[in-house]
Amino acid sequence: MPETLNGRKRINEYLTENKISYSQLATMYGMNKQDVADYLSGRKQTPAASRFIITLIKAFDLKYERK
């Protein structure tokens, strides 16, 4: 499974900058808020977590590394 630390970091920065909560994100993607929090904190590092992170990176058009 690929390491998702940089992706998670960029997503969390984006959420903060755009005032998007985990609850809002969970609602947008039809997920449980706790799963979103676990995936984005790195507590759950499963294939589903990696897919979700990749989905968010694409949806928010984030670069893997911040410039």
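Structure first, text after, so check above.
Residues numbered from 1 in each chain as written. Predicted model: local features only at pLDDT ≥ 70, side-chain atom pairs only at ≥ 80, totals over all residues. Heavy atoms only, no water.

J.: Got a minute to help me understand the overall build of the protein in this structure?
T.: On a plain count of helices and strands, the protein comes out with four helices and zero strands. Start at the N end of the protein and walk to the C end: the helices and strands fall as α-α-α-α. Here the C-alpha atoms of the protein give a radius of gyration of 11 Å, agreeing with the 11 Å that 2.2 N^0.38 yields for 67 residues. If one aligns the C-alpha atoms of the protein with their principal axes, the spans along those axes are about 30 × 30 × 15 Å. (Helix = DSSP H or I, 4+ residues; strand = E, 2+ residues; numbered from the N terminus. Rg over C-alpha atoms; globule rule 2.2 N^0.38 Å.)

J.: What's the story with the environment of Val-36 in this structure? I'm lost.
T.: Note on placement: Val-36 falls in helix 3 (residues 33-41). A sequence separation of 11 residues divides Val-36 from Leu-25, and the C-alpha atoms of the two residues are 7.6 Å apart.

J.: Would you mind going over unusual backbone geometry with me for this structure?
T.: Trans peptide bonds make up most of the peptide bonds, and negative phi angles are found at most residues other than glycine. The phi dihedral of Lys-19 falls on the positive side, at around 50°, and the residue is not glycine. Along the chain, Lys-19 turns up in the loop between helix 1 (5-17) and helix 2 (22-29).

J.: Which parts of the structure should I look at to understand the nonpolar core?
T.: Across soluble globular proteins, nonpolar side chains have a tendency to be buried as a group. Grouped together as the largest cluster of nonpolar side chains are 15 residues, with contacts concentrated most on Ile-11, Leu-15, Leu-25, Leu-40 and Leu-56. Mapped by element, the contributors of at least two residues to this core are helix 1, helix 2, helix 3 and helix 4 (47-59). For this core, the leading source of residues is helix 4, giving five residues. Among residues more than four places away in sequence, those in contact with Leu-40 are Arg-8, Ile-11, Asn-12, Leu-15, Tyr-22, Leu-25, Ile-53 and Leu-56. (Core = buried A, V, L, I, M, F, W, Y, C linked by side-chain atoms within 4.5 Å. Buried < 20%, exposed > 50% of the residue type's maximum accessible area, 1.4 Å probe, protein only. Contact = heavy atoms within 4.5 Å.)

J.: Mind showing me how you'd approach the side chain of Arg-8 here?
T.: Mapped onto the secondary structure, Arg-8 falls in helix 1. Exposure remark for Arg-8: the relative accessible area of 8% places this residue in the buried category. Leaving out residues up to four positions away in the same chain, Arg-8 has contacts with Glu-3, Tyr-39, Leu-40, Ser-41, Gly-42, Gln-45 and Ile-53.

J.: What am I meant to see in the environment of Gln-34 here?
T.: Summarising the element assignment, Gln-34 is placed in helix 3. For Gln-34 and Asp-61, which are 27 residues apart along the polypeptide, the C-alpha to C-alpha distance reads 24 Å.

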